[in-house]
Amino acid sequence: MAVVVGAGGVLGAAHVGVGHALEQRGFRPDMIIGTSVGALNGAIAAAHPDRAAPWLEHVWTQLRRRDVYRLGFPASRSGIFTDRGLRRLIARAGLPERIEELAVPFTAVAMDLVTGAPALLDRGDLATALLASAAVPGLLPPVEREGRTLVDGGVIAYVPVLAALRAGAASVVVVPTGPESSPPPATLPPRRAVAIASRAGLLLIHRQIERDLAEVSRLLPTVVVPTGTEVWPAPWDFRHSRRLIEAASATAGRFLDDLRVSGPGLYRSEDDPAAAAAGHHAAGSATARCAPRRTPEGAGL
């Protein structure tokens with residue numbers, strides 16, 4: 001069983017709530033694959049299985065924008081912010097120096113800025129792997145690692161389920177975040193430049209996520225754990241971490257208690273807008289509010 005932890009910036013706090021729900025039910029993955037903020041949360045979970053969620057909750061509820069997005073001096077040409085804040089967070093996380101020393105096999109996903117190919121970082125220096133996976137283009141500087149220039153893995157794999165398939169996972173538990181994970185509401189086309197760019201970006205990422213989930217779920221049981229996030233804060237606003245953690249813990253817990261898996265397919269909450277949009281039929285407890293839904297092979301997406 002692979003746990004796949006998606007991107008999402010400040011919404012990574014929701015990962016912590018899902019972690020609480022999984023740990024409380026005695027769940028321990030065979031591998032963890034993360035991208036961007038999901039790589040940092042995933043590495044900590046891989047280092048401290050069964051007890052990572054309380055530590056992460058303490059960190060997330062204390063975080064402020066300046067802890068992650070710090071203006072550098074002199075200013076860097078490769079990013080608006082310096083990565084000094086992220087380096088401090090990683091240094092304080094109690095992580096080993098090398099990926100191979102983690103208790104659970106772990107992969108951080110980044111993107112090669114020269115070729116556009118995914119970079120699956122599953123060995124070597126852990127700190128640079130996490131910095132590379134979280135290096136949002138334009139905001140944080142790229143990372144030079146083993147002769148490659150690497151940036152945020154969310155650009156190419158916002159929810160890196162394909163990496164789990166390639167790693168030989170027998171089943172996948174997906175922890176997504178953000179409005180990108182659900183279809184944006186149908187509205188009149190926006191008129192302002194920023195709104196146009198924002199909606200186009202959301203649609204692009206959403207289609208990437210759904211395409212990758214469809215490909216993997218044809219072969220493997222693929223469980224998308226809901227986080228209960230209905231109102232999304234600004235990407236730099238960490239003041240909502242407590243709310244995100246509590247909502248995700250409660251929502252994920254109800255979903256997991258009702259979950260029944262029976263072979264390959266895509267299992268989602270009936271409250272997931274993406275599931276409703278795809279016309280999925282129910283699998284498991286049809287009476288539960290968060291009953292999982294399953295897409296049969298080749299259908300729905």
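The rules we used
- All chains use their own residue numbering, which begins from 1 and follows the written sequence.
- Where local features are concerned, this predicted model is filtered to residues with pLDDT of at least 70; where side-chain atom pairs are given and counted, the filter is 80 or more; whole-chain, interface and lining totals use all residues.
- Hydrogens and water are ignored here; the side-chain numbers use all heavy atoms of the structure.
- Both site types are read off a 1 Å grid over the protein atoms alone. A 1.4 Å probe that fits but cannot get out defines a cavity, while an open set with protein on both sides within 12 Å along at least five of seven lines defines a pocket; lining residues have an atom within 4 Å of a point.
- Grid points are joined across faces, edges and corners, and a volume is the space filled by probe spheres set on the points.
- Strands here are runs of E lasting at least two residues and helices are runs of H or I lasting at least four, both read from the DSSP assignment and numbered beginning at the N terminus.
- Whenever a helix is involved, its axis is fitted only over the stretch in contact; in every case the axis is a line through C-alpha atoms, and angles between N-to-C directions fall within 0 to 180 degrees.
- Every angle not falling under 35 degrees, over 145, or within 65 to 115 is termed oblique; those three ranges are roughly parallel, roughly antiparallel and roughly perpendicular.
- We call a crossing left-handed when the near helix sits turned anticlockwise from the far one by less than a right angle, and right-handed when that turn is clockwise.
- Residues count as neighbours in contact if any of their non-hydrogen atoms are within 4.5 Å of one another.
- Polar here means any residue other than Ala, Val, Leu, Ile, Met, Phe, Trp, Tyr, Cys and Pro, which are nonpolar, and Asp, Glu, Lys and Arg, which are charged; Gly is therefore polar.
- Per-residue confidence from the predictor is given as pLDDT, running between 0 and 100.
- Each residue is placed in one exposure class: buried if its accessible area under a 1.4 Å probe, protein chains only, is under 20% of its type's maximum, exposed if it is over 50%, and partly exposed if it falls in between.
- If DSSP finds at least two bridges between two strands, the strands pair.
- Among buried residues, those of type Ala, Val, Leu, Ile, Met, Phe, Trp, Tyr and Cys that are joined through side-chain atoms within 4.5 Å constitute a nonpolar core.
- Here, a salt bridge means any side-chain nitrogen of Lys or Arg that lies within 4 Å of a carboxyl oxygen of Asp or Glu.

Participant: I keep staring at empty space enclosed by the protein and nothing clicks. Help me out?
Facilitator: If a probe the size of a water molecule is rolled over the atoms, the empty space left behind becomes visible. One pass over the structure, following the stated rule, counts two cavities of 30 Å³ or more. Put simply, the largest cavity is a space of about 320 Å³. Contributing to the lining of the largest cavity are 22 residues, with Gly 19, Leu 22, Glu 23, Ile 32 and Ala 45 lying nearest its centre. Those elements that place two or more of their residues in the lining of the largest cavity are strand E1 (2-5), helix H1 (13-24), helix H2 (37-47) and helix H3 (52-62).

Participant: Looking at this structure, I do not really get the packing of helix H5 (residues 84-91) against helix H6 (residues 126-133). What am I missing?
Facilitator: The description of two helices packed together rests on the angle between their axes and the distance between the axes. One way to put it is that H5 packs onto H6 with a least axis distance of 10 Å and a crossing angle of 135°. One element, H5, and the other, H6, form an angle in the oblique class. For the crossing formed where H5 meets H6, the hand is right-handed. Where H5 abuts H6, its residues Leu 86, Arg 87 and Ile 90 lie against Ala 127, Leu 130 and Leu 131. In terms of residue class, the contact of H5 with H6 is made up of five nonpolar, no polar and one charged.

Participant: I would appreciate a short explanation of the confidence of the model for the protein chain in the present structure.
Facilitator: When pLDDT drops low, the exact placement of atoms in the prediction is not to be read closely. Summing up the model confidence of the protein chain, the mean pLDDT is 85 and the portion of residues at 70 or higher is 86%. Confidence, read as mean pLDDT per element, is least for strand E12 (residues 281-282) in the protein chain (36) and greatest for strand E5 (residues 106-112) (98). With pLDDT under 50 throughout, residues 279-301 is counted as low confidence; its partners more than four residues away or in other chains account for 62 contacts.

Participant: Would you take a moment to explain the packing of H3 against helix H9 (residues 241-258) for this structure?
Facilitator: At their nearest, the axes of H3 and H9 sit 8 Å apart, and the two run at 145° to each other. From H3, Glu 57, Trp 60 and Thr 61 reach across to H9, where they touch Ser 241, Arg 242 and Ile 245. Classifying every residue of the contact of H3 with H9 gives two nonpolar, two polar and two charged.

Participant: It is not clear to me how the environment of Gly 79 should be interpreted in this structure. Could you clarify?
Facilitator: Topologically, Gly 79 is positioned in the loop between strand E3 (70-71) and strand E4 (81-82). Residue classification places Gly 79 among the buried residues on the basis of a relative accessible area of 6%. Taking the C-alpha atoms as reference, Gly 79 lies 4.6 Å from Leu 139; in sequence the two are 60 residues apart.

Participant: Explain the pairing of strand E10 (residues 221-224) to me, please; I cannot follow it from the model alone.
Facilitator: Along any regular strand the residues' side chains alternate between the sheet's two faces. Every second residue of E10 is oriented toward a common face, with Pro 221 and Val 223 on one face and Thr 222 and Val 224 on the other, all of them buried. Bridging between strand E9 (residues 172-175) and E10 involves three bridges; their strand directions are parallel. Counted as the bridge partner of Val 172 is Thr 222 from E10. Pairing of E10 with strand E11 (residues 265-269), which is carried by three bridges, proceeds in the parallel orientation. Counterpart to Val 223 in the pairing with E11 is Tyr 267.

Participant: Explain the nonpolar core to me, please; I cannot follow it from the model alone.
Facilitator: Across soluble globular proteins, nonpolar side chains have a tendency to be buried as a group. Residues Trp 60, Leu 95, Phe 106, Leu 121 and Leu 130 are the most contacted members of the largest nonpolar core, which totals 61 residues. Sorting elements by how many residues they give to this core places H2 first, with seven residues. Excluding residues within four positions of it along the chain, Leu 121 makes contact with Ile 99, Phe 106, Thr 107, Ala 108, Ala 110, Ala 129, Ala 132, Arg 145, Arg 148 and Leu 150.

Participant: Teacher, can you tell me more about the pattern of salt bridges here?
Facilitator: If the charged atoms of two oppositely charged side chains come close together, the side chains can form a pair. In this structure the tally under the stated criterion is ten salt bridges. Asp 257 is the salt-bridge partner of Arg 25, the closest N and O atoms lying 2.8 Å from each other. On the criterion of sequence distance, the pair formed by Arg 25 in the loop between H1 and strand E2 (31-35) and Asp 257 in helix H9 is long-range, its members being 232 residues apart. Classification of Arg 25 by relative accessible area gives partly exposed; the value is 35%. Judged by relative accessible area, which is 46%, Asp 257 ranks as partly exposed. Across the salt bridge formed by Arg 239 and Asp 237, the nearest N and O atoms sit 2.9 Å from each other. Residue classification places Arg 239 among the exposed positions, given a relative accessible area of 66%. Owing to a relative accessible area of 13%, Asp 237 belongs among the buried residues under this scheme.

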